[in-house]
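Summary of the model geometry
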Amino acid sequence: MVAVVLSWIYMTLVCGCIGGGVIYLLCKAAAPKEERFRGGSFDSAGLLAGKFSMTQYLAAGITTVTVYVEVFSIFGRIGGPAHILMLLAAALSGIAGRKIILKWWIKCKKLVFSWEGFFYAGFILAVAFFTSRGNFHTDTNIYHAQMIRLYEEYGIIKGMGNLQLHFAYNSAYLAFASILSLRWLLGQSLHTTTGFIEVIMCLYAFHGLKNFKRHRSHTADMMRVGILFYTLVMITGSISPATDYATMLFALFVITEWCENMESSRSITIYSLLSVLAVFVVTLKFSACFLVLIVLYPAVLLLREKRWREIAVYFGCGCLILLPFLVRNYLISGWLLYPFSGIDLFSATWKIPKEYLLADADQIKVWGRCLYDVDKAGWPVTRWFSVWWEGQERYEKMLLAAALIGAVMTAVFAVKKVLSRRKLRWDMGALMAAVFGSLMVWFFTAPFIRYGLAFLFALVMIAAGEYLSQEKKGFYSILTGGMMFCMFVSVSPYWDHYITDAGVFAKQNLKEPYYLWQKDYDRADEESIIINGNTIYYSTAGEVNSYHTFPGTCYKFMLERSTLIGDDIKDGFKAK
């Protein structure tokens, strides 16, 4: 636990400094010529930005560090030199923004010696407890841990997706986790980044909720509850650098900040920066791609006002985030987007054969639909829906019912506004289009509940927030109040299940000896094959692709159908 908390303090300093520097540069670059060299604050019209929260600085820092590691991994391993260069950037940003850092330090000092600070400290220690011990996420054992080790030892290896198809999913989050594992310095890999993101998102939620009674609108407040709710769901897996967790937390953060901006300044700048952050979420897990629909709202406003400089800056930022992700896709799999065969542009030596890609895509579909047979991948929704529904636990079915009620409530609110001739909020329209679009992609591709939790929670929490924000009178109030009650009852078994889960976890792991250090990655029984003089490992007992031996794969058959391009691992892998 001690090592976990110290690593979080270190991440806060590095990401906070870098994020502050990046936001400052963005604001300067986006400002009109006459404002570019003035001091002051970035106003709500979007000229020079001033008030950003610590969470916004940290989110910008995490994004920047991740993109930096993605680029660095194309050219070399993620070890000491990559880390030192990152520290240099953090130091320069810290020096440039020392006045802002001093102000934040003064605020933090006041907070530390208060009951609120005491509560935050207790919460941080609680999350550190969960992050220091427990069982790893299934996918962490299958490929997350191994991919982090490969980044540390080699960086990107051409065609590494041939060694194991999971590597070709190319989540940017694993790049972020690799630079903060610090194995080169400590001798053991830390995997504390998931807990770190949990902590900053939950403190952001708690801090916003303390003024609940003062808020006239509660949509953002309920989305903050959604962040806390999701953290409860995932807290027993905090030890894992799992891509699902980071994606869902960042998606919830984007939605919450969007709602917060709707209820306050309605700043085009904030909307634009959140659109850029949505692009980052896509690189964490491509299935969240429809979240970028929120960009439509600030894009229309900026185009209408002919703010070409800002358009260029934000578009450029989106491209800078997306480009390393696409380049890495090409290098890892030979495809622009994997496992999507619709864009077939390249014929690289290391390209994963199309039949492997299609089989992998079908595997994802049938497992998500609870069919477990790739021959059923072509079944229409009318045929597989009943099988999928029966495959869900009772508390999951209740959550889905709550999300459906939330969707109906949202439609009722919209109809009420139209009938009462109130002005429609196009920023809310863009947000709901992104949420519903993401859920459609989730449902018709691979409807694992955990893949779509952020957007399911968003439907529930936005509907609840809209209800709490409205005047209660007449039949309309009775109708929406009844729906609100049904939604609350439907979602209750879900959090009850995970509260119990967290309690059982704490009881079972209380005596585990991880109060100073963190539990290491799992080890596995493995054997090896020699290819061109290089030893490559494969798991022989269960789906554990051990971090401790590399390069490795969970599946011997994938190794047997692959070979090296040259005489060295760095030359890459190709299909036989």
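Residues numbered from 1 in each chain as written. Predicted model: local features only at pLDDT ≥ 70, side-chain atom pairs only at ≥ 80, totals over all residues. Heavy atoms only, no water.

1. Some words on the sheet that holds strand E2 (residues 534–539)
Backbone hydrogen bonds are what pair the strands of a sheet, in a parallel or an antiparallel way. On the basis of which strands lie adjacent, the open sheet formed by three strands has the order E1-E2-E3 and mixed pairing. Edge strands, defined here as strands with exactly one partner in the open sheet, are strand E1 (526–531) and strand E3 (552–553). Of the pairings in the sheet, the one linking E1 to E2 comprises six bridges and is antiparallel in character. If you follow Ile531 over to E2, its bridge partner there is Asn534. (Pairing = 2+ DSSP bridges. Helix = DSSP H or I, 4+ residues; strand = E, 2+ residues; numbered from the N terminus.)

2. Concerning the environment of Ala430
Structurally, the position occupied by Ala430 is in helix H19 (residues 426–445). Among the residues examined, Ala430 registers a relative accessible area of 9% and is labelled buried. If sequence neighbours within four positions are ignored, Ala430 has contacts with Trp258, Ile294 and Tyr297. (Buried < 20%, exposed > 50% of the residue type's maximum accessible area, 1.4 Å probe, protein only. Contact = heavy atoms within 4.5 Å.)

3. Examining the nonpolar core
Residues Phe250, Ile255, Leu431 and Tyr494 are the most contacted members of the largest nonpolar core, which totals 180 residues. In contact with Leu431, not counting residues within four places along its chain, are Ile255, Trp258, Cys259, Met262, Ile294 and Ile462. (Core = buried A, V, L, I, M, F, W, Y, C linked by side-chain atoms within 4.5 Å.)

4. Points about a nonpolar patch on the surface
On the surface, Val2, Leu6, Ile9, Leu13, Trp184, Leu185, Leu186, Leu516 and Trp517 cluster together to form a nonpolar patch covering roughly 890 Å² of accessible area. Structurally, Ile9 is set in helix H1 (residues 2–30). (Patch = residues over 30% accessible without salt bridge, like charges linked within 9 Å, V, L, I, M, F, W, Y side chains within 5 Å. Areas by Shrake-Rupley, 256 points an atom, 1.4 Å probe, with all protein chains shown as cover. Salt bridge = Lys/Arg side-chain N within 4 Å of Asp/Glu carboxyl O.)

5. Looking at a positive patch on the surface
A cluster of basic side chains, namely Arg98, Lys99, Lys103 and Lys107, defines a positive patch on the protein surface. Residue classification places Lys107 among the exposed residues on the basis of a relative accessible area of 53%. (Lys, Arg positive; Asp, Glu negative; His and termini not counted. Charge placed at Lys NZ, Arg CZ, Asp CG, Glu CD.)

6. A few points about the pattern of salt bridges
Inspection of the entire model under this criterion finds 17 salt bridges. Each member of the salt-bridge network shares a partner with another, and the members are Asp139, Asp244, Lys285 and Arg450.

7. Quick word on helix H8 (residues 172–179)
Across the eight residues of H8, eight count as buried, placing the element largely inside the fold. Listed as buried for H8 are Ala172, Tyr173, Leu174, Ala175, Phe176, Ala177, Ser178 and Ile179.

8. Re the packing of aromatic side chains
According to the stated counting rule, one finds 47 aromatic pairs in the structure shown. Plain terms: the ring middles of Trp115 and Phe118 are 6.0 Å apart, the flat faces sit at 85° to each other, and that makes the pair edge-to-face. Here Trp115 pairs with Phe118, and both are found in helix H5 (residues 115–131), just three residues apart, close to one helical turn. No difference in accessibility class separates Trp115 from Phe118, as the two residues are exposed. One aromatic cluster in this structure is built from Phe229, Tyr230, Tyr395, Phe457, Phe488, Tyr494, Trp495 and Tyr498. (Phe/Tyr/Trp six-rings, centres within 6.5 Å; stacked < 30°, edge-to-face > 60°.)

9. Topic: the pairing of E2
The turn joining E1 and E2, which pair antiparallel and follow one another in sequence, is formed by two residues; a positive phi near 50° is taken by Asn532. Sheet topology places E2 next to E3; two bridges connect them, and they run parallel. Each bridged residue has a counterpart across the sheet, and for Tyr538 the counterpart in E3 is Thr553.

10. Quick word on unusual backbone geometry
Cis rather than trans, the peptide bond between Tyr338 and Pro339 has omega equal to 0°. Here Pro339 is to be found in the loop between helix H15 (308–333) and helix H16 (354–368). Residue Pro551 is bonded to the preceding Phe550 through a cis peptide linkage, with omega at -15°. Here Pro551 is to be found in the loop between E2 and E3.

11. With respect to the environment of Val504
With respect to the element layout, Val504 can be found in helix H21 (residues 474–509). Classification of Val504 by relative accessible area gives partly exposed; the value is 39%. A sequence separation of 376 residues divides Val504 from Ala128, and the C-alpha atoms of the two residues are 17 Å apart.

12. What to know about the confidence of the model for the protein
For any part of a model where pLDDT is low, the fine detail of the predicted coordinates should not be relied upon. Summing up the model confidence of the protein, the mean pLDDT is 92 and the portion of residues at 70 or higher is 96%. Averaged pLDDT values over the elements of the protein bottom out at 79 in helix H4 (residues 98–112) and peak at 98 in H8. Low pLDDT (under 50) marks residues 34–50, which in the prediction has 40 contacts with non-local residues, meaning those over four places away or in another chain. (pLDDT = per-residue confidence, 0-100.)

13. Quick word on the packing of helix H12 (residues 243–263) against helix H13 (residues 268–284)
Closest axis-to-axis distance for the H12/H13 pair is 10 Å, and the angle between their directions is 165°. With respect to their mutual orientation, H12 and H13 come out roughly antiparallel. Of the two elements, H12 crosses H13, and the hand of that crossing is left-handed. Contacts between H12 and H13 involve Thr243, Ala246, Thr247, Phe250, Ala251, Phe253, Val254, Glu257, Trp258, Asn261 and Met262 from the former and Ile270, Tyr271, Leu274, Ser275, Leu277, Ala278, Phe280, Val281 and Leu284 from the latter. (Axes fitted to C-alpha atoms, helices over the stretch in contact; angles between N-to-C directions. Parallel < 35°, antiparallel > 145°, perpendicular 65-115°, else oblique. Left-handed = near helix turned anticlockwise from the far one by under 90°.)

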